[in-house]
Amino acid sequence: MTDSPRPRDPRTALVDRWRDTLLAARSGAPGPGPLPYAENLLARWDEPQRRYHTTAHLTAVLDRIDTLAPYAADVHAVRLAAWFHDAVYRPDRTENEERSAALAERALPEAGVGEAVTAEVARLVRLTVTHDPAEGDGNGEVLCDADLAVLAGSPQEYAAYAAQVREEYGFVPDEAFRAGRADVLRQLLALPRLFRTPHGAAEWEARARHNLTTELELLGSPSGPQ
């Protein structure tokens, strides 16, 4: 009887995924070693102010992109955008997506990625401000669906997600947080569709809307989440 293979360390698995994606996005063009870029990005995703926007979130988004890959025109660009979409994250600032996109615009050419792919990655990162891709924007639909799929978790998973978001905004007083969070939930619920890919629409839409509506109701309750 042979021993079962040991599962890979999650960080090692992420480094491997970065390497494979970067090399594929280069399309054979030369470039520096991928490892320093992976280490820099992972250090950003490991910053102490993060509770939800961590490497666990990055891994989940990459996993969902794997599921949604058939809908993307350039899945390598979408995967790179996932790596960069929250690479700059400060909960007390509003320009995180723009700064993350600018980081991609600086780092990717240095890493050997061509101009067109770099521009597409930056566009996709900026799209996560609204999560509202244009009709037919397959890359945007895949990234936004993958990023929002956390909304469609089980009640326990969704509660854990909401608690992590509250922890990230621990510096905000309860009343202000409840008002701000309620505004975010209303904006999401006002979208004609949360999910644009066929898979996302079929598998995630109804459950996500139920979770969002439930949280919004709890925020309006005197005994709601603090």
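Up top is the structure.
Residues numbered from 1 in each chain as written. Predicted model: local features only at pLDDT ≥ 70, side-chain atom pairs only at ≥ 80, totals over all residues. Heavy atoms only, no water.

1. Some details on the packing of aromatic side chains
Any pair of aromatic rings gets described here by the distance separating the centres and the angle formed by the planes.
And step 1. A complete count under the given rule lists 7 aromatic pairs for this structure.
And step 2. Considering the side-chain rings of Y169 and F177, the 6.2 Å spacing of their centres and the 40 degrees angle between planes classify their relative orientation as tilted.
And step 3. Overall, Y169 belongs to the partly exposed group, its relative accessible area being 26%.
And step 4. With a centroid separation of 5.5 Å and 65 degrees between ring planes, the pair formed by F195 and W204 is classed as edge-to-face. (Phe/Tyr/Trp six-rings, centres within 6.5 Å; stacked < 30°, edge-to-face > 60°. Buried < 20%, exposed > 50% of the residue type's maximum accessible area, 1.4 Å probe, protein only.)

2. Section: unusual backbone geometry
And step 1. A positive phi angle, close to 55 degrees, is found at S27, a residue other than glycine.
And step 2. Tracing the sequence through the fold places S27 in the loop between α1 (10–26) and α2 (35–45).
And step 3. Phi at H131 takes a positive value of approximately 55 degrees, unusual for a residue other than glycine.
And step 4. Relative to the helices and strands, H131 resides in the loop between α6 (115–127) and α7 (138–148).
And step 5. Accessibility expressed as a relative area gives 12% for H131, which makes it buried. (Helix = DSSP H or I, 4+ residues; strand = E, 2+ residues; numbered from the N terminus.)

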